[in-house]
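Structural characterization, general
Residues per chain, in single letters:
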Amino acid sequence: MSLIKYEPYSLLDQLQREFLRSSNFSYSQDSSNDDNSNIEVSDWRPAVDIKEEKDRYVIHADLPGVQAKNIDITMEDGILTLKGERATNKEEEHEGYKRVERVYGTFYRRFSLPDTADTDRIEAKSKDGVLEIVVPKQEKVQPRRIEVK
């Protein structure tokens, strides 16, 4: 019996890419309009939630089993890149398993940040298998209340 890699979310990922393509906060795009970056270089894709708040954007990435030292976050030309690796214990890879759904190996995600992002103040922390990236908005973009006299 051979092991089969189970990927239940591949269709949902495609739908999410199509949906996010039209939003302000979307996957980065090279010369094409599709995010194919994960196809060539990733073994798996972490689930990501992106939330816009009044003064910041918050990204939560599910990275269970990934140590903080194995996560690399870079910011260049308005593109936030998240990559890393979830290590596997090679000796138990096929011992007695009938089905393997947890994926090991490298991951790679890229996001285009909106012009309102303050890329110099991005912070990230990892806790309980969830990576939180906070992208503050620029001060000049913040709404200012004008008092009527």
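Please read all numbers here as calculations on a predicted model, not as lab measurements. Along each chain, residues carry numbers from 1 onward, in the same order as the chain's sequence is written. Local features in this predicted model are restricted to residues whose pLDDT is 70 or higher, and side-chain atom pairs enter the listing and the counts only when it is 80 or higher, whereas totals over whole chains, interfaces and linings include all residues. Here the side-chain values reflect all heavy atoms present in the structure, with hydrogen atoms and water set aside.

1. Observations regarding the pairing of strand β4 (residues 71–76)
In plain terms, the rule: Two strands make a pair as long as DSSP finds a minimum of two bridges between them. In this text, helices come from DSSP runs of H or I with a minimum length of four residues, and strands from runs of E with a minimum of two, each type numbered from the N-terminal end.
Bridge count for β4 against strand β5 (residues 79–86) is six bridges, and the pairing is antiparallel. Paired with Asp-72 across the two strands is Lys-83, which belongs to β5. In this structure, the hairpin formed by β4 and β5 is closed by a connection of two residues, where Asp-77 is found at a positive phi of approximately 55 degrees.

2. Brief notes about the pattern of salt bridges
Heads up, the condition is: The rule for a salt bridge is simple: a side-chain nitrogen of Lys or Arg has to be within 4 Å of a carboxyl oxygen of Asp or Glu. Relative accessibility decides the category of a residue: with a 1.4 Å probe and only protein chains considered, values under 20% of the type maximum give buried, values over 50% give exposed, and everything between is partly exposed.
All told, the structure shown has six salt bridges when counted by the stated rule. Ionic pairing is found between Lys-137 and Glu-52, a salt bridge with its closest N-O pair at 2.7 Å. Remark: Glu-52 occurs in strand β2 (residues 48–52) and Lys-137 occurs in the segment after β8 (130–136); sequence separation between them is 85 residues. According to the relative accessible area criterion, Lys-137 is buried, its value standing at 9%. Here Glu-139 ties to Arg-121 by a salt bridge, and the two come within 3.9 Å at their closest N and O atoms. Here Glu-139, found in the segment after β8, pairs with Arg-121, found in the loop between β6 (105–112) and β7 (123–127); they are 18 residues apart in sequence, far enough to count as distant. Exposure remark for Glu-139: the relative accessible area of 58% places this residue in the exposed category. What emerges from the salt-bridge pattern is a single network uniting Lys-51, Glu-53 and Arg-56.

3. Section: the sheet that holds β7
To keep things clear, this is the line we draw: Angles run from 0 to 180 degrees between N-to-C directions of axes, and those axes are lines fitted to C-alpha atoms, restricted for helices to the stretch in contact.
A sheet is described by the order of its strands in space; here four strands give the open sequence β2-β3-β8-β7, paired in antiparallel fashion. Two strands lie at the open edges of the sheet, namely β2 and β7, each paired on one side alone. Each neighbouring strand pair of the sheet contributes to a mean axis angle of 15 degrees, computed without reference to strand direction. Strand direction decides the pairing type here: strand β3 (residues 56–62) and β8, joined by seven bridges, are antiparallel.

4. Concerning the environment of Asp-118
The condition that has to hold: Any two residues having at least one pair of non-hydrogen atoms within 4.5 Å are treated as being in contact. Pairing of N or O atoms within 3.5 Å defines a polar contact, subject to two protein rules: one partner must be a possible hydrogen donor and the other a possible acceptor, and residues neighboring in sequence count only if both atoms are side-chain atoms.
Its place among the elements puts Asp-118 in the loop between β6 and β7. For Asp-118, a relative accessible area of 16% translates into the label buried. Placed 61 residues apart in sequence, Asp-118 and Tyr-57 show a C-alpha to C-alpha distance of 10.0 Å. In contact with Asp-118, not counting residues within four places along its chain, are Pro-136, Lys-137 and Gln-138. Within the structure, Asp-118 has its side chain in polar contact with the side chain of Arg-121 (distance 2.6 Å).

5. What about the packing of aromatic side chains?
The criterion, for reference: By convention, a stacked pair of Phe, Tyr or Trp rings (six-membered ring in the case of Trp) has centres within 6.5 Å and planes under 30 degrees apart, an edge-to-face pair has planes over 60 apart, and any other such pair is tilted. Definition used: whenever NZ (Lys) or CZ (Arg) falls within 6 Å of the ring centre and also within 35 degrees of the ring normal, the charge is taken to sit over that ring.
Inspection of every chain in the model, using the stated rule, returns one aromatic pair. Lying across the ring of Trp-44, Arg-86 places its NZ or CZ 3.9 Å from the centre.

6. Quick look at the nonpolar core
Defined as follows: For the purposes of this section, nonpolar cores are sets of buried Ala, Val, Leu, Ile, Met, Phe, Trp, Tyr and Cys residues that join through side-chain atoms within 4.5 Å.
Residues Leu-63 and Leu-131 are the most contacted members of the largest nonpolar core, which totals 18 residues. Of all elements in the fold, only β3, β5, β6 and β8 reach the threshold of two or more residues within this core.

7. Quick word on the side chain of Arg-86
Applicable threshold: This count recognises Lys and Arg as positive and Asp and Glu as negative, with His and chain-terminal groups excluded.
Relative to the assigned elements, Arg-86 resides in strand β5. Asp-62 is the oppositely charged side chain nearest to the buried, salt-bridge-free Arg-86, at an N-O distance of 9.4 Å. A distance of 2.7 Å separates a polar atom in the side chain of Arg-86 from the backbone oxygen of Pro-64. Beyond its immediate sequence surroundings of up to four residues, Arg-86 is in contact with Trp-44, Pro-64, Gly-65, Val-66, Val-103, Tyr-104 and Gly-105.

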